[in-house]
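Read off the chains here:
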Amino acid sequence: MANYTIKANLLKLKGAFVKDLKGKTGTVKRCLIIPIEDSGMILGEKGCYLNMAAIEMKEARYDDTHCIKVSLPKEQREAMSEDERNSIPILGGMHEIKARPKPVDISSGALDDDEDLPF
């Protein structure tokens, strides 16, 4: 089974923006503000969730094999026109994490010619 890396630009969510927030003790710089209902997020008892779908692309771009979009509930998606469905922004991409081969350390003597081979 493969492992994947996902990169999403949350500023593409509807209504999202970055702002410095000032509080009683100071300013918190560069906060990401996302309106929950406008963006397609769901506020539940245990957290705030964003359902996303990974859609396989016909041709890989920038090593990404899938594009990431907000996954809307069936009723909401069916109530939208085709133009509205097509205008849902691509948040990012996904691709398989490929393992890099480990380099062989020849300085350790592992390939010494004087050693007998085990076969």
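All figures in this text were calculated on a predicted structure; none of them were measured in a lab. (Residues numbered from 1 in each chain as written. Predicted model: local features only at pLDDT ≥ 70, side-chain atom pairs only at ≥ 80, totals over all residues. Heavy atoms only, no water.)

1. Observations regarding the side chain of His 66
Thought 1: The topology assignment puts His 66 in strand E7 (residues 64-70).
Thought 2: By relative accessible area, which is 14% here, His 66 ends up buried.
Thought 3: The residues contacting His 66, other than those within four sequence positions of it, are Ala 54, Ile 55, Glu 56, Met 57, Gly 92, Gly 93 and Met 94. (Helix = DSSP H or I, 4+ residues; strand = E, 2+ residues; numbered from the N terminus. Buried < 20%, exposed > 50% of the residue type's maximum accessible area, 1.4 Å probe, protein only. Contact = heavy atoms within 4.5 Å.)

2. Observations concerning the nonpolar core
For soluble globular proteins, nonpolar side chains are generally found buried alongside one another.
Thought 1: Counting nine residues, the largest nonpolar core is built from Leu 13, Ala 16, Met 41, Leu 50, Val 70, Leu 72, Met 80, Ile 88 and Leu 91.
Thought 2: Beyond its immediate chain neighbours, meaning those up to four positions away, Met 41 contacts Ile 34, Ile 36, Cys 48, Tyr 49 and Leu 50. (Core = buried A, V, L, I, M, F, W, Y, C linked by side-chain atoms within 4.5 Å.)

3. Digging into the sheet that holds strand E8 (residues 90-96)
Thought 1: Strand order in the open sheet formed by four strands is E1-E8-E7-E6, and the pairing between neighbours is antiparallel. Of all the strands in the sheet, just strand E1 (4-8) and strand E6 (52-61) have a single pairing partner and so form its edges. Averaged over all neighbouring strand pairs, the angle between strand axes comes to 30 degrees, with direction disregarded.
Thought 2: Pairing analysis gives six bridges linking E6 to E7, with the strands arranged antiparallel. Among the inter-strand pairings, Ala 54 is bridged to a residue of E7, identified as Ile 68. (Pairing = 2+ DSSP bridges. Axes fitted to C-alpha atoms, helices over the stretch in contact; angles between N-to-C directions.)

4. Thoughts on the layout of surface pockets
Thought 1: When its volume is computed, the largest pocket comes out at roughly 320 Å³.
Thought 2: Counting residues per element, the lining of the largest pocket draws most heavily on helix H1 (residues 36-39), which supplies three residues.
Thought 3: In terms of residue class, the lining of the largest pocket is made up of nine nonpolar, four polar and five charged. (1 Å grid on protein atoms, 1.4 Å probe; cavity = no way out; pocket = protein on both sides within 12 Å on 5 of 7 lines; lining within 4 Å. Points joined across faces, edges and corners; volume = space filled by probe spheres on them. Nonpolar A, V, L, I, M, F, W, Y, C, P; charged D, E, K, R; others polar.)

5. Side note on unusual backbone geometry
Thought 1: Phi is positive for Arg 30, close to 55 degrees, though the residue is something other than glycine.
Thought 2: Topologically, Arg 30 is positioned in strand E3 (residues 27-33).

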